[in-house]
Amino acid sequence: MQRGLDLARAVEILAAGGLVAFPTETVYGLGADASRADAVERIFAAKGRPRAHPLIVHLAPGAQLDDWAIGIPDSARALAAAAWPGPLTIILAKGPRVSPATTGGSSTVGLRVPAHPVAQALLRAFDGGIAAPSANRFGAVSPTTADHVAGDLGDDVDYILDGGPCEVGVESTIVDLSRGRPVLLRPGGMPRAVIEAITGPLAAADDAAPAAPGTLASHYAPRAQVIAVAPEQVPAAVAAASAAGKRIAVLAPASAFLDWGALRADAHRLPDDDAGMARELYAALRDLDASGVDVVIAALPPAAGLGEAVGDRLLRAAGPRKDRS
Ligand code: TXA
Ligand code: MG
């Protein structure tokens, strides 16, 4: 695996059917040519991800939606015009340019125009769609630095474009516009209110919604056990875990407790604002794992702004672990 900021090298690798990890404003992606089944196959193999789990196709600013999707509703054109580039993925009926391998056989495709300058430079230079899931092993916490990617994937990735730490820190918000009314499939880096100002109210995902593995209860999980509770329930949760003889860390906004020392646990303070919390969340979970704690007791933030995505990821990290891979 090589690492640097050599765009020409990255494009050469993509054109040869190889894998390039690249920074986006949300998390790092593991990219391959979205039009080639053989290239996309390498993503599933490297991640250890089931073939039926569809990948998001990343496009350069100014790319034509009609090149990648069909039957595009006006609502999607309006949302794309207002929200891209940015941390938003829109699900639409798939166009023929997207390999069926990319969508795991689904007739829909997730499209996103990222805001990160390195991602945009790569997409412009490649001149095609780049299929990319988060650049971590399946089921693990998403990477927000090039070091995270290198540690997770090693030589299974051909090249890592190093663009520094990701600004947003949680994955894109996913909105399904392929079935009439807009449905929120995954809260993420674009706050619900920003999207609803354009689309109107977003419905919750139901059984008819396309399967999204990021919505498996056990996704986004670190090694340590995560217990996610309201801030006022943290002291009792610490007491219960201490009684079981576990090594405990508390993950919470800095101002959640006046006296952190009284908690009798390792402390990992997050910023108090929702954007700061989102930006640091995954690196915090990785640090806590590295420090060897058994249990992370995490305070759930209010669901406003990016707090909805942070809370979602904490609850999934705390979800049942048996279906993790
Ligand atoms: O911010 C992000 O979205 C990052 C960066 C790299 O763009 N990507 C990312 O990809 O998080 P991934 O594969 O880790 O998560 C994408 C989610 C999955 O839950 C997948 O099931 C869902 O998007 N998805 C993709 N295409 C879909 C489709 N056609 N229908 C339903 N869900 C889809
Ligand atoms: Mg992922």
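Above this text is the structure in question.
This is a predicted model, so every value here is computed, not measured.

Scoring rules and cut-offs
- Residues numbered from 1 in each chain as written.
- Chains lettered and ligands numbered in written order.
- Predicted model: local features only at pLDDT ≥ 70, side-chain atom pairs only at ≥ 80, totals over all residues.
- Heavy atoms only, no water.
- Helix = DSSP H or I, 4+ residues; strand = E, 2+ residues; numbered from the N terminus.
- Buried < 20%, exposed > 50% of the residue type's maximum accessible area, 1.4 Å probe, protein only.
- Salt bridge = Lys/Arg side-chain N within 4 Å of Asp/Glu carboxyl O.
- Phe/Tyr/Trp six-rings, centres within 6.5 Å; stacked < 30°, edge-to-face > 60°.
- Lys NZ or Arg CZ within 6 Å of the ring centre and 35° of its normal.
- Core = buried A, V, L, I, M, F, W, Y, C linked by side-chain atoms within 4.5 Å.
- Contact = heavy atoms within 4.5 Å.

**Student:** Got a minute to help me understand unusual backbone geometry in this structure?
**Tutor:** Keep in mind that most residues, glycine aside, have a negative phi and that most peptide bonds are trans. In this structure, Pro85 follows Trp84 across a cis peptide bond, with omega equal to -5°. Position of Pro85 among the secondary structure elements: in the loop between helix H3 (74-83) and strand E6 (88-94). Here Asp127, not a glycine, exhibits a phi torsion of approximately 65°, which is positive. Counting through the fold element by element, Asp127 comes out in the loop between helix H4 (117-126) and strand E8 (130-131). A positive phi angle is found at Arg264, which is not glycine, with a value near 55°. Position of Arg264 relative to the elements: it lies in the loop between strand E14 (248-253) and strand E15 (266-270). The exposed category is assigned to Arg264, whose relative accessible area is 73%.

**Student:** Before we go on, may I ask you to explain the pattern of salt bridges in this structure?
**Tutor:** Side chains that carry opposite charge are capable of pairing whenever their charged atoms lie near each other. Within the structure shown, the criterion is met by 19 salt bridges. The residue Arg3 makes a salt bridge to Asp162 at a minimum N-O spacing of 3.3 Å. Within this pair, whereas Arg3 is found in strand E1 (residues 2-4), its partner Asp162 is found in the loop between strand E9 (159-161) and strand E10 (173-176), the two being separated by 159 residues in sequence. Accessibility expressed as a relative area gives 38% for Arg3, which makes it partly exposed.

**Student:** Explain the packing of aromatic side chains to me, please; I cannot follow it from the model alone.
**Tutor:** The geometry of an aromatic ring pair is captured by two quantities: the separation of the ring centres and the angle between the planes. All chains considered together, the criterion is met by 1 aromatic pair. Seen from the ring of Trp260, Arg269 lies directly overhead, with NZ or CZ sitting 4.7 Å from the centre.

**Student:** Which parts of the structure should I look at to understand the nonpolar core?
**Tutor:** Soluble globular proteins: nonpolar side chains tend toward being buried together. The biggest cluster of nonpolar side chains holds 45 residues, and the ones touching the most others in it are Leu30, Val57, Trp84, Leu88, Ile90, Leu92 and Leu111. Sorting elements by how many residues they give to this core places helix H2 (residues 37-47) first, with 5 residues. Dropping the residues within four chain positions of it, Ile90 is found in contact with Ala76, Leu79, Ala80, Trp84, Val109, Gly110, Leu111, Val175 and Leu177. Listed in part, the 26 residues of the second largest apolar core include Val27, Ala228, Ala298 and Val310.

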